[in-house]
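Structural description and commentary
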Amino acid sequence: MNRTDTGHELWQGMKRGWIVTFAGLGINLALGSLYSWSVIRKGIPESWGWTDTQKALPYSVALLVFSLIMVPGGRWQDRVGPRPVATLGGLLLGIGMVLCSLSTQAWVYAIGFGLLAGAGIGFAYACGTPAAVKWFPPSKTGMITGMVVSGFGLAAVYSAPLIEWLIGQVGLQQTLLILGIGFSVAVVLLAQLLWVPSRGYVPAGSASGGANPSSSASKPAASNYSPRQVLSTWQFYLLWLMYAAGAGAGLMVISKLAPLAKEQAGLNLGYLLVAALALGNGLGRIITGMLSDVIGRRQTLFLCFLLQMVLMLLLSQAKSDTVLGQPVVMAVLSALIGANFGANLALFPAVTKDFYGLKHFGANYGLMFTAYGAGGFGLSLLAGLLHDLWGTYTIACYLAAGLLLAAAVLTLLVRPPKTTAEPHTA
């Protein structure tokens, strides 16, 4: 093959890579409707007789199922490719929401939105990032990862007002029917654009090893670790704890932001604060992903954990009689908390790829992603329990700040694993 043929092949690969990247972003814009549950919850009629616990159950189940399904979903897409797995995810998402539209019972919503839609989100989310990063060199891993997952964070910016408007026009059940069909069609169609490179494809610029070769966190992995080998490394468990702390703190705020703002600062601006958080969530994934390509993953994580710790402490003091409790300041705090939360969703996939390679990336990141579900489920539940005991969210914010400080310290200890004896064993 001559140089012209090689250049043409690399150009075609780069072009297809961008198509896959934007397809993954589009899929996540549909899947991110998960973060709009607070709007759906608000639209549940009083006549249905649901308790607060019943209203929280579908979201809690969806969050947990989403994170657990990432393990088999990631492993399956590694074996058969992303298109069939993402297609199944889109169908399950639609079926779950349509099922909810047919009932007014809480247990049906726990199954439809929680189990079925949550599983659909997990299957589809497991596919976009692995497919996209394979088309680009290591120097662009953070940027591409951030772009793909930004859709999940930005989704609430459009879905929250859309859902609120639809509920006002046609009611909750018809809204869920429309969303179920629409999101399902969008995900299934975009899933057909999730191509993966042919065996032997080498992205242009791979030889450079990254924008910052001196940073071990930005170098390509020396070998491809199987999921079993990943679980045998001590680095996995440190990264898992860091991820659980970072994601858990963010998910705790997402689930409690509206009542926290109303209780502490007297602000009835739940939707505006959620929108600010969602905007920061999406943009933070892109910005921190790109930053990590330049200064390294661990360095970026360290900065994000420290900043998030400070923000949690500030949020705990956001009272109506202080500057921190003013609407504009609360919106800025919400956006920054969202950005730092979103950073986890961009940086940990990139770290997983850097440490453990691309061959089993879907399955390996699925294992890592269980920290997202565990952290979010645990801290959100604990925040509610502490509020019931003490009548304030301040203690939960202090607890999250302490965990974030511990996560920052762990970034100073973790290092890429050494090459295993049989790096390509499945």
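Here we come to helix 5 (residues 106-133). Taking 1.5 Å per residue, 28 residues should reach 40 Å; helix 5 reaches 39 Å between its end C-alpha atoms and fits that length. The sharpest bend along helix 5 reaches about 30° and sits at alanine 117. With respect to burial, helix 5 is a largely interior element, 24 of its 28 residues being buried.

On to the environment of leucine 154. Mapping leucine 154 onto the fold places it in helix 6 (residues 141-170). Leave out the neighbours within four places in its chain, and leucine 154 touches Leu29, Ala278, Leu279, Gly282 and Leu283.

Under the definition given, this model contains 23 aromatic pairs. Consider the rings of phenylalanine 66 and tyrosine 125, whose centres lie 5.4 Å apart with planes at 90°: the pair is edge-to-face. Taken together, the residues phenylalanine 66 in helix 3 (residues 52-80) and tyrosine 125 in helix 5 connect sequence positions 59 residues apart. Arranged with centres 6.2 Å apart and planes meeting at 70°, the rings of phenylalanine 355 and tyrosine 356 form a pair that is edge-to-face. As far as the burial class goes, phenylalanine 355 and tyrosine 356 line up, both buried. In this structure an aromatic cluster arises from ring pairing among Phe66, Tyr125, Phe152, Tyr243, Phe341, Phe348, Phe361, Tyr365, Phe369 and Tyr372. Over the ring of tryptophan 195 we find arginine 16, and its NZ or CZ is 4.1 Å from the ring centre.

A few words on the packing of helix 11 (residues 297-316) against helix 12 (residues 327-356). Close contact between helix 11 and helix 12 brings their axes to 9 Å; oriented N to C, the two are set at 155°. As judged from the angle between their axes, helix 11 and helix 12 are roughly antiparallel. Relative to helix 12, helix 11 is oriented so that their crossing is left-handed. A per-class count over the contact of helix 11 with helix 12 returns 17 nonpolar, four polar and two charged.

The next subject is a nonpolar patch on the surface. On the surface, Leu382, Leu385, Leu389, Trp390, Ile395, Leu399 and Leu403 cluster together to form a nonpolar patch covering roughly 640 Å² of accessible area. Secondary-structure elements contributing two or more residues to the nonpolar patch are helix 13 (361-390) and helix 14 (394-411). Residue contributions to the nonpolar patch peak at four residues, all from helix 13.

Conventions used here
Residues numbered from 1 in each chain as written. Predicted model: local features only at pLDDT ≥ 70, side-chain atom pairs only at ≥ 80, totals over all residues. Heavy atoms only, no water. Helix = DSSP H or I, 4+ residues; strand = E, 2+ residues; numbered from the N terminus. Expected span 1.5 Å × (residues − 1). Bend = angle between axes of the 7 residues up to and from the residue. Buried < 20%, exposed > 50% of the residue type's maximum accessible area, 1.4 Å probe, protein only. Contact = heavy atoms within 4.5 Å. Phe/Tyr/Trp six-rings, centres within 6.5 Å; stacked < 30°, edge-to-face > 60°. Lys NZ or Arg CZ within 6 Å of the ring centre and 35° of its normal. Axes fitted to C-alpha atoms, helices over the stretch in contact; angles between N-to-C directions. Parallel < 35°, antiparallel > 145°, perpendicular 65-115°, else oblique. Left-handed = near helix turned anticlockwise from the far one by under 90°. Nonpolar A, V, L, I, M, F, W, Y, C, P; charged D, E, K, R; others polar. Patch = residues over 30% accessible without salt bridge, like charges linked within 9 Å, V, L, I, M, F, W, Y side chains within 5 Å. Areas by Shrake-Rupley, 256 points an atom, 1.4 Å probe, with all protein chains shown as cover. Salt bridge = Lys/Arg side-chain N within 4 Å of Asp/Glu carboxyl O.

Geometric descriptors of this kind do not, in isolation, establish any biological role.
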